[in-house]
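Examining the three-dimensional arrangement
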Amino acid sequence: MKKSWDKKWYSDEFLQKLKDGAYEEYDGNLKYTVKYPPDAISKTGIDPRMLGGPIGKMAKLLRFVPDFIFNNIHTSVNSKNIEAFRKSCEICSYADCKIKSVDIENSHIKASDGYNIPIRIYKSKNKTNSNACLAFIHGGAFVAGSLAPYDEAMKMLVDKFELKVISIDYRPLPENPYPTLYNDCFDVIEYIYNNENEFEIDKNEIFVCGDSAGGNIAQACATHFAKTDIIKAQLLLYPTLNLFQIEDKYYKKDINGFTFEPKQKGLSKGVIRQMQTLAKCDVTKIGIKKPDKYNNPYSFDVLSDIPTFISVGALDFLKKDAFAWAHKLNDKGIDLKLVVYNGLGHGYINATGVFPQAEDLIDEMGEFIKNRL
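Attention in this report is confined to the structure presented alongside it. (Residues numbered from 1 in each chain as written. Predicted model: local features only at pLDDT ≥ 70, side-chain atom pairs only at ≥ 80, totals over all residues. Heavy atoms only, no water.)

**A short note on helix H9 (residues 213-224)**
- The end-to-end C-alpha separation of H9 is 16 Å, in line with the 16 Å expected for 12 residues at 1.5 Å each.
- Among the 12 residues that make up H9, 11 are buried, leaving the element largely enclosed by the rest of the structure.
- The set of residues buried in H9 consists of Ala213, Gly214, Gly215, Asn216, Ile217, Ala218, Gln219, Ala220, Cys221, Ala222 and Thr223.
- Against the buried residues of H9 lie strand E5 (133-137), helix H7 (180-194), strand E7 (206-211), strand E8 (233-237) and helix H11 (319-331). (Helix = DSSP H or I, 4+ residues; strand = E, 2+ residues; numbered from the N terminus. Expected span 1.5 Å × (residues − 1). Buried < 20%, exposed > 50% of the residue type's maximum accessible area, 1.4 Å probe, protein only. Contact = heavy atoms within 4.5 Å.)

Now the structure itself:
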């Protein structure tokens, strides 16, 4: 880890400027909140911290690729590429935020097939009045990811809002057949609900959250428990919700509709293209054979009416999923908050302490939960 990652990359004053600059916009009748980095060249400019990282470096290369060539690029799904992707997901990109008041405990919960599902419990060392619990589901394109890269984010959430977080290390595809990863998360959440005393929580205050593919699984949990009171609300962070890219009035496969800073148009497209390339992978190769209500909720009716928080970067290809799903929820009159971070691509909560937007997102999540208790 770089020496500069031993502390936050930004000041509290800078974070406050980001918060103070927030404004509201509409996409049709869908209202959402926009935030942007104060040191970007404009409100739609790329975050300078991202430009200096791996996403920015790749964007500088991809900006020179003509559209007709890029459209014919398809990443092969094979064991070698999956292993390389898994190694990349293990990189801890957060900075030490000096949080000392949170205990971390590793445990497990037995799945319905007998497997011991690893979980990580984050709880405040201080006596609190909150009995709320957040079940967190990590991302990783359904084939990768783990708990460690999210430690700082979960610690910060617990420290600031005094709730308990339980992260789920589900079994990934493809070596674990579909839908094992979904069933693991269903089993953990049901166990938490049925054993509130063990976790010292209120079973009526269970929230579910996930980022990227984890956001997809979080939504699947909401769908799975739709006819129960097990989940109080959900928080979806740059989720993939239309895995098969099924088009309708709210979703189109192209990247029209993205707003670029004119001086950074090429770079901005380069940022979007990184997630777009991953989205073009043949998911049947990892065992997801066809759309169903869990893996591709967008192509089905909204089955859960619980309050929903969604966040996405303005330069994330999955912004299309986030907005299309938000429209469907909005049409149903569901309690919804959508927060968009200009200048960011895919993935940022695991960069807590590096991107000020990650801490702002944690504040947004905490307030969303607190206001629904």
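**Some points on the pairing of E5**
- Most of E5 sits inside the fold, with 5 of its 5 residues counted as buried.
- Residue alternation in E5 divides its side chains into two sets, Cys133, Ala135 and Ile137 and Leu134 and Phe136, and both sets are buried.
- Two elements, E5 and strand E6 (residues 164-168), share 5 bridges in a ladder whose sense is parallel. In the sheet register, Phe136 faces E6, and the bridge partner there is Ser167.
- Handedness of the β-α-β unit built from E5, helix H6 (residues 151-161) and E6 comes out right-handed. (Pairing = 2+ DSSP bridges. Right-handed = clockwise from strand over helix to strand, strands pointing away.)

**Comments concerning the layout of surface pockets**
- Within this model, the second largest pocket holds a volume of roughly 530 Å³.
- What lines the second largest pocket is a set of 26 residues, among which Asp27, Gly257, Phe258, Lys319 and Phe323 lie closest to the centre.
- Take the lining of the second largest pocket: its biggest share by element is 5 residues, from H11. (1 Å grid on protein atoms, 1.4 Å probe; cavity = no way out; pocket = protein on both sides within 12 Å on 5 of 7 lines; lining within 4 Å. Points joined across faces, edges and corners; volume = space filled by probe spheres on them.)

**Things to note about the packing of aromatic side chains**
- Here the structure, examined in full by the defined rule, presents 14 aromatic pairs.
- Taking 6.2 Å as the distance between ring centres and 80° as the angle between the ring planes, the aromatic pair formed by Phe186 and Phe225 counts as edge-to-face. One end of the pair, Phe186, is in helix H7; the other, Phe225, is in the loop between H9 and E8, with 39 residues separating them in the sequence.
- Among the residues examined, Phe186 registers a relative accessible area of 4% and is labelled buried.
- The exposure class assigned to Phe225 is buried, which follows from its relative accessible area of 6%.
- Pairing Tyr238 with Tyr348 gives two aromatic rings, centres 4.8 Å apart and planes at 55°, and the pair type is tilted. Of this pair, Tyr238 sits in the loop between E8 and helix H10 (265-279) while Tyr348 sits in the loop between strand E10 (336-341) and helix H12 (356-370), and the two are 110 residues apart along the sequence.
- Exposure remark for Tyr238: the relative accessible area of 1% places this residue in the buried category.
- Through a chain of ring-to-ring contacts, three or more aromatic side chains come together here, namely Tyr178, Tyr182, Phe186, Phe225 and Tyr294. (Phe/Tyr/Trp six-rings, centres within 6.5 Å; stacked < 30°, edge-to-face > 60°.)

**Quick notes on the pattern of salt bridges**
- Applying the stated criterion to the full structure yields 25 salt bridges.
- With a shortest N-O distance of 2.8 Å, Asp360 and Lys19 are connected by a salt bridge. Of this pair, Asp360 sits in helix H12 while Lys19 sits in helix H1 (residues 12-20), and the two are 341 residues apart along the sequence.
- Classification of Asp360 as buried rests on a relative accessible area of 0%.
- Given a relative accessible area of 25%, Lys19 falls into the partly exposed group.
- A salt bridge links Glu24 to Lys31, with the nearest nitrogen and oxygen atoms 3.9 Å apart.
- Among the residues examined, Lys31 registers a relative accessible area of 44% and is labelled partly exposed. (Salt bridge = Lys/Arg side-chain N within 4 Å of Asp/Glu carboxyl O.)

**Some remarks on the packing of H1 against H12**
- Running from amino to carboxyl end, H1 crosses H12 at an angle of 65°, the nearest separation of the two axes being 10 Å. In this structure, H1 crosses over H12, and the sense of that crossing is right-handed. Counted together, Phe14, Leu15, Leu18 and Lys19 of H1 and Pro356, Gln357, Glu359, Asp360 and Asp363 of H12 form the full contact between these two elements.
- Grouping the amino acids of the contact of H1 with H12 by side-chain chemistry returns 4 nonpolar, 1 polar and 4 charged. (Axes fitted to C-alpha atoms, helices over the stretch in contact; angles between N-to-C directions. Left-handed = near helix turned anticlockwise from the far one by under 90°. Nonpolar A, V, L, I, M, F, W, Y, C, P; charged D, E, K, R; others polar.)

**Re the sheet that holds E6**
- If you trace the 10 strands from one edge of the open sheet to the other, you get E1-E2-E10-E9-E8-E7-E5-E6-E4-E3, paired in mixed fashion. The open sheet has two edge strands, strand E1 (23-27) and strand E3 (102-110), and neither has a second partner. Across the sheet, the mean angle separating the axes of adjacent strands is 25° when strand polarity is ignored.
- One ladder, built from 6 bridges, connects strand E9 (residues 308-313) with E10; its direction is parallel. Bridge pairing in E10 links Ile310 to Leu338.

**Quick notes on the environment of Asp305**
- Note on placement: Asp305 falls in the loop between H10 and E9.
- Judged by relative accessible area, Asp305 falls into the exposed class, the value being 60%.
- The spacing of Asp305 and Gln274 is 31 residues in sequence and 32 Å in space, taken between C-alpha atoms.

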